[in-house]
Amino acid sequence: MTKEQQSAPTVFRLSGVNCAGCINKIETAVKTVAGVTDARVNLSDKTLSVYGSAEAESCIEAVRSAGYGAELLRSSEREQRAEQREQTQRHYRQQLWRSAFALGVGVPMMAWGLITDRVSVNTPVEQLAWGVMGLITLAVLVFCGGNFFSGAWKALRHHNATMDTLVALGTGTAWLFSMIVVLVPHLLPEAARHVYFEASAMIIGLISLGQALEIRARGRTSAAVEKLLELQDTSARVLRDGREVDLPIEQVQQGDQLRVRPGEKIPVDGTVLEGRSLVDESMLTGEPVPVKKAEGDSLAAGTLNKNGSLLFRADKVGSDTRLAQIIEMVKNAQSSRVPIARLADKISGIFVPVVMIIALVAALVWFNLGPDPRVAHMLVVLTSVLIIACPCALGLATPMSVMVGVGKGAEYGVLVRNGKALQQSCTLDVLVVDKTGTLTEGSPRLTDIDSDGDSDELLRLVASLEQGSEHPLAEAIVTAAHDKNLELQSPANFEAITAHGVSGDIGGSRVLLGNTKLMQKEAISLDAWSERAAKLAEAGRTVMYAAVDGKLRGIIAVADPIRADAQAAIERLSKLGLRIEMLTGDNHGSAEAVARQLGIDRVHAELLPEDKEGIVAELQKKGERVGMVGDGINDAPALARADVGFAIGAGTDVAIESADVTLMRSSLHGVANAVELSRATLHNIKQNLFGAFIYNTLGIPIAAGVLYPITGMLLSPIVAGGAMALSSLTVVSNANRLRFFKPSEAR
Amino acid sequence: MAEVLVNIVGVLMILAVIWWFWLGPKRSTSKATPSTDNLQILVKDGVYEPDLIRLPAGRTATLHFHREDPSPCSEWVLFPDLEVSAQLALNQDTLVEIPKAEPGEYPFNCQMQMYRGTLILE
Ligand SMILES: [Cu+2]
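Residues numbered from 1 in each chain as written. Chains lettered and ligands numbered in written order. Predicted model: local features only at pLDDT ≥ 70, side-chain atom pairs only at ≥ 80, totals over all residues. Heavy atoms only, no water.

**Thoughts on the sheet that holds strand E12 (residues 304–305) of chain A**
All names here are of chain A. Selection criterion: Whether two strands pair comes down to DSSP finding at least two bridges between them. Elements are defined by DSSP. Helices are runs of H or I of four residues or more, strands are runs of E of two residues or more, and each kind is numbered from the N terminus.
The three strands lie next to each other as E10-E9-E12, forming an open sheet whose pairing is antiparallel. The two strands at the open ends of the sheet, each matched to only one other strand, are strand E10 (291–293) and E12. Strand direction decides the pairing type here: strand E9 (residues 277–280) and E10, joined by three bridges, are antiparallel. What sits directly across from Ser277, in E10, is Lys293.

Put into structure tokens, the structure is as follows:
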């Protein structure tokens, strides 16, 4: 293999490739291009990888001459997005032009009709003049509305009916009827020799305008994913052969060593090897306070390095990074269905043929029972019903809101897995919360040390003793000693006494650390200390006695401190109408103490991990809708059992994949944000559904002419066209209002 | 005379709509893919083509959606029962992975329910 071959290949996307025979033809053709050292086709994903220094253009030409199509593959998602945006822009402008042209023809014709009231065909001159107008309108139908007609035709052949069908039928009917009037006016009653060319042109113009505006409004609904994509850096500073080189992000490999300077974004997920810094992770977690990072800490792609230079190892690159997973998940959730939409989905699925029948029935009623001119009335009613009844708004009502709502959630570190989770989050009764790590910080800390002498010296002794122990309480003591810069010694004769404590020799004195049982066993009197210890235990702390050389010297209390924001978050959740129950594996005493401080009514303590699922199930049996908050790994069964599982503090990929809602920060505020967001989204969906439903249920009878006896007028097809254009625009715009959602915490 | 004619035509059209969309011949543009998963679905003019896809159940598959309709209606394809969705790039193949699933009928559609198709796993 040459050096060139080892470098990254240029990748093309192929079209028209079906079989192994094609592969050979393409590979042979491309290999003849100057500068190509090797060319390989991958049939399964239809790509061609070209190695060497050849021009991309000449490779494409070679593929083309072999009878296939090829284009340069855009590797980065952001480029693809940009291209897509450009195409959307192009379509937007195209629709605007179509609309302008159609309205340019329609508006003068309508004005003529309104001013002169001469829109009937009675003389050969009028026949000729309106014939010319008819042909101009036909041009409008073909050039501006051709897509409706081709779409309608194709759908029809598939026994399918869409919005295109309705638009094509409506405008087509108006045009055909008018043309009949122009060609054979004498066959029709005098009152019905009315032409409707302006209606056809205006309807096409208005609907195209509506679509153009909709395209623009839709662009804003997907802003969330775009924002996430922008977090991805395009290049990274990689250490290669002892030098720092800037490489495109796609070329960074797992295991590479990278450097980020202050103010730079972290390009890939990794682990810090050297340096210290504060990293702003708010864009991923919603956590406003920057996080300290030092050797061994993990970094996430897309977060911002604030003040120090960091050297780190790339652990995950490309689509494996957490940011990429988040983007993938948000995109998936954005297009998922909400259960509430089922009925609307069903309705809009069969709606178009139903509307066609309604239009025909209404037309026949007008023809047989209506006042004169019956033929004209029949036509107006038929056209108006067809045009106004497009179920687009109904179909869009939920997807648009879900799209914005899910995207908004991602901005606040709330990742919703699908529409169902979003809907269920807003009707929860009970929230079952795992204590450790959610209500408390999750790692015990030394809170009190009481001694009859030098408490630092006592701490030094017990910390030295505990160095070897792996108990979480021991870690708290050792950390406290480190924080005070105490010099620790290694213990001799170290012994861990199960369910009692530890003992050992430190610098010649025998040190004991443990509970009442240990002291009793060693016949050490507790004296006045037991009262003090009882008080601490009542406050939810774990108390240990420390004895040196057979004499009690003091007590040490350790507790898992309550998170600073737990209280406020619980108040928010209570205001949202949720009852909170606490689950924990800890003993009753410390659990109750935490619950009392936070105002939680019900506590389930001393649980085994498998008990948690049972408690959730029990609550559900009582008919309550249960949300479960846990850290995703050991709580997995309970999270899965609950109506909505909130995986909290999700560093783990497992949690992202399995929980209904993943909260990127370890705070209950995330749950409150999720509940508020889901309620706002569902509210928005209901508004949309109501609007779309009202629009169709009112629009159709009005178009069918129920108001005629009162107003003496029929709904003009042009008004119907305008209303139809407005309906989906209204839904999209209303969904966009969700972009201004803010959780009450941030307000 | 003319009145009777118009009424007959109207009623016939109603019957035609009912027959064509509900009672008529079931769509026949199905495609089965026995060995390769490289089935291309054209997204154009309001229909998926083919709009009835047969695949063997119990294994994953990849569908290639080729979207040629620029209107936003066709931008997404959803398989609601499979929890699969994909944003379709314009004038390009977009690969959609279908997970292993039980035999059955899985409808798929665009966001607006204008484009509709059925995936049959058997
Ligand atoms: Cu539509």
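Moving on, there is more to tell.
**Remarks on the environment of A:Ala680**
Residue and element names in this part refer to chain A. Applied cut-off: To sort residues, take the accessible area from a 1.4 Å probe on protein chains only and compare it with the maximum for the residue type: under 20% means buried, over 50% means exposed, and anything in between is partly exposed. Contacts are assigned to residue pairs that have any heavy atoms within 4.5 Å of one another.
With respect to the secondary-structure elements, Ala680 resides in helix H26 (residues 668–704). Relative accessible area serves as the criterion here: at 22%, Ala680 is assigned to the partly exposed category. In this structure, Ala680 is in contact with Leu738 and Phe741, ignoring residues within four places of it in sequence.

**A closer look at a nonpolar patch on the surface**
Residues and elements named next belong to chain A. Keep this limit in mind: A patch is a set of surface residues, each over 30% in relative accessible area and not in a salt bridge, joined within 9 Å for like charges and within 5 Å for the nonpolar side chains Val, Leu, Ile, Met, Phe, Trp and Tyr. Per-residue and other accessible areas follow the Shrake-Rupley method at a 1.4 Å probe size, with only the shown protein chains counted as cover for residues. Salt bridges, as used here, are contacts in which a Lys or Arg side-chain nitrogen is within 4 Å of a carboxyl oxygen on Asp or Glu.
Together, Phe101, Leu135, Leu138, Val142 and Phe143 give the surface a local cluster of nonpolar side chains, amounting to about 510 Å² of exposed area. Ranked by residue count, the leading element in the nonpolar patch is helix H5 (residues 124–143), at four residues. You can see Leu135 is positioned in helix H5.

**Looking at the pairing of strand E7 (residues 257–260) of chain A**
Residue and element names in this part refer to chain A. Where strand E5 (residues 235–240) and E7 come together, two bridges link them in antiparallel fashion. Paired with Leu239 across the two strands is Gln257, which belongs to E7. The sheet contact formed by E7 and strand E13 (residues 310–316) spans four bridges and is antiparallel. Looking at E13, one finds that Gln257 is bridged to Arg313.

**Overview of H26(A)**
Every α-helix winds through 3.6 residues per turn, so residues three or four apart in the chain are directed the same way. Residues and elements named next belong to chain A. Our working rule: The span one expects for a helix is its residue count, reduced by one, times 1.5 Å. Within 3.5 Å is the distance limit for a polar contact, defined as a pair of N or O atoms, with the added protein rule that one can donate a hydrogen and the other accept it, and that residues adjacent in sequence qualify only through two side-chain atoms.
Across its 37 residues, H26 extends 54 Å between first and last C-alpha, which sits within 8% of the 54 Å expected from 1.5 Å per residue. Structurally, the start of H26 carries an N-cap: the backbone nitrogen of His669 is 3.0 Å from a side-chain oxygen of Ser667. Remark: Gly705 follows H26 within two positions and exhibits a positive phi of approximately 100°.

**What about helix H2 (residues 20–31) of chain A?**
Residue and element names in this part refer to chain A. The line we're drawing: It is the directions from the helix axis to the C-beta atoms whose arc is reported.
The terminal C-alpha atoms of H2, which comprises twelve residues, lie 17 Å apart, in line with the 16 Å expected from a rise of 1.5 Å per residue. Along H2, the residues classified as buried are Cys22, Ile23, Ile26, Glu27, Ala29 and Val30. All buried residues of H2 fall inside an arc of 165° around its axis, so they share one side. For H2, the exposed residues set more than 90 degrees away from the buried face come down to Ala20 and Asn24. Where H2 is buried, its residues touch strand E1 (10–15), strand E2 (36–42), strand E3 (47–52) and helix H3 (56–65).

**So, unusual backbone geometry**
Most peptide bonds take the trans form, and the phi angle of most residues other than glycine is negative. Residue and element names in this part refer to chain B. Of note, the amide linkage connecting Glu49 to Pro50 takes the cis form, showing an omega dihedral of 0°. Although it is not a glycine, Asp45 sits at a positive phi angle of roughly 50°. Position of Asp45 among the secondary structure elements: in the loop between strand E2 (39–44) and strand E3 (47–49). The residue Glu83 is not glycine, and still its phi comes out positive at about 55°. One can find Glu83 in the loop between strand E6 (76–79) and strand E7 (84–87).

**As for the interface of chain A and chain B**
Rule in force here: Buried area: the accessible surface (1.4 Å probe) lost by two parts on joining, summed over both.
Residue-level contacts link 55 residues of chain A with 50 residues of chain B. Around 4,700 Å² of area is buried between chain A and chain B when both sides are counted, 57% of it from carbon and sulfur atoms. Per-residue buried area on chain A facing chain B is highest for A:Lys154, A:His158 and A:His159; these three make up 15% of the total on that side. On the surface where chain A and chain B come into contact, there are one salt bridge. Between A:Lys154 and B:Glu49 there is a salt bridge, with its nearest N and O atoms 3.1 Å apart. Inspection of the chain A/chain B interface yields ten residue pairs in polar contact (both at pLDDT 80 or more).

**A closer look at the side chain of A:Glu27**
All names here are of chain A. How we decide: Neither His nor the chain ends contribute to the count of charged residues, in which Lys and Arg are positive and Asp and Glu negative.
With respect to the helices and strands, Glu27 occurs in helix H2. Buried Glu27, no salt bridge; nearest opposite-charge side chain is Lys31, N-O distance 4.6 Å. Among the polar contacts listed, one links the side chain of Glu27 to the backbone nitrogen of Val41, at a separation of 2.8 Å.

**Some words on the packing of helix H12 (residues 342–369) of chain A against H26(A)**
All names here are of chain A. Operational definition: For helices, the fitted axis covers only the stretch in contact; all axes are lines through C-alpha atoms, and the angles between them, taken along N-to-C directions, range from 0 to 180 degrees. For classification purposes, angles smaller than 35 degrees are called roughly parallel, those larger than 145 roughly antiparallel, those between 65 and 115 roughly perpendicular, and all remaining angles oblique. Two helices cross in a left-handed way if the nearer one is turned anticlockwise from the farther one by less than a right angle. They cross in a right-handed way if the turn is clockwise. By the convention adopted, Pro, Cys, Tyr, Trp, Phe, Met, Ile, Leu, Val and Ala count as nonpolar, Lys, Arg, Asp and Glu as charged, and the other residues, Gly among them, as polar.
At a minimum axis separation of 10 Å, H12 and H26 run at an interaxial angle of 15°. Overall, the two elements H12 and H26 adopt an arrangement that is roughly parallel. Both H12 and H26 take part in a crossing whose hand is right-handed. In this structure, H12 uses Ala344, Phe351, Val355, Ile358, Ala362 and Trp366 to contact H26, whose residues at the interface are Leu689, Asn696, Ile700 and Ala704. Here the residues of the contact of H12 with H26 are counted per class, giving nine nonpolar, one polar and no charged.

**Describing the pattern of salt bridges**
Between side chains of opposite charge, pairing is possible as soon as their charged atoms come close. Residues and elements named next belong to chain A. One pass over the full model with this rule turns up 26 salt bridges over all chains. Put simply, Arg90 and Glu86 hold a salt bridge, and the shortest N to O gap is 3.5 Å. One end of the pair is Arg90 and the other is Glu86, both in helix H4 (residues 77–116) and four residues apart, which spans about a single turn. Relative accessible area serves as the criterion here: at 46%, Arg90 is assigned to the partly exposed category. With a closest N to O distance of 4.0 Å, Asp505 and Arg510 form a salt bridge. A residue is classified by how much of its surface remains accessible, and Arg510, at 34% relative accessible area, is partly exposed. Each of Arg579, Glu581, Arg602 and Glu624 takes part in a single network of salt bridges with overlapping partners.

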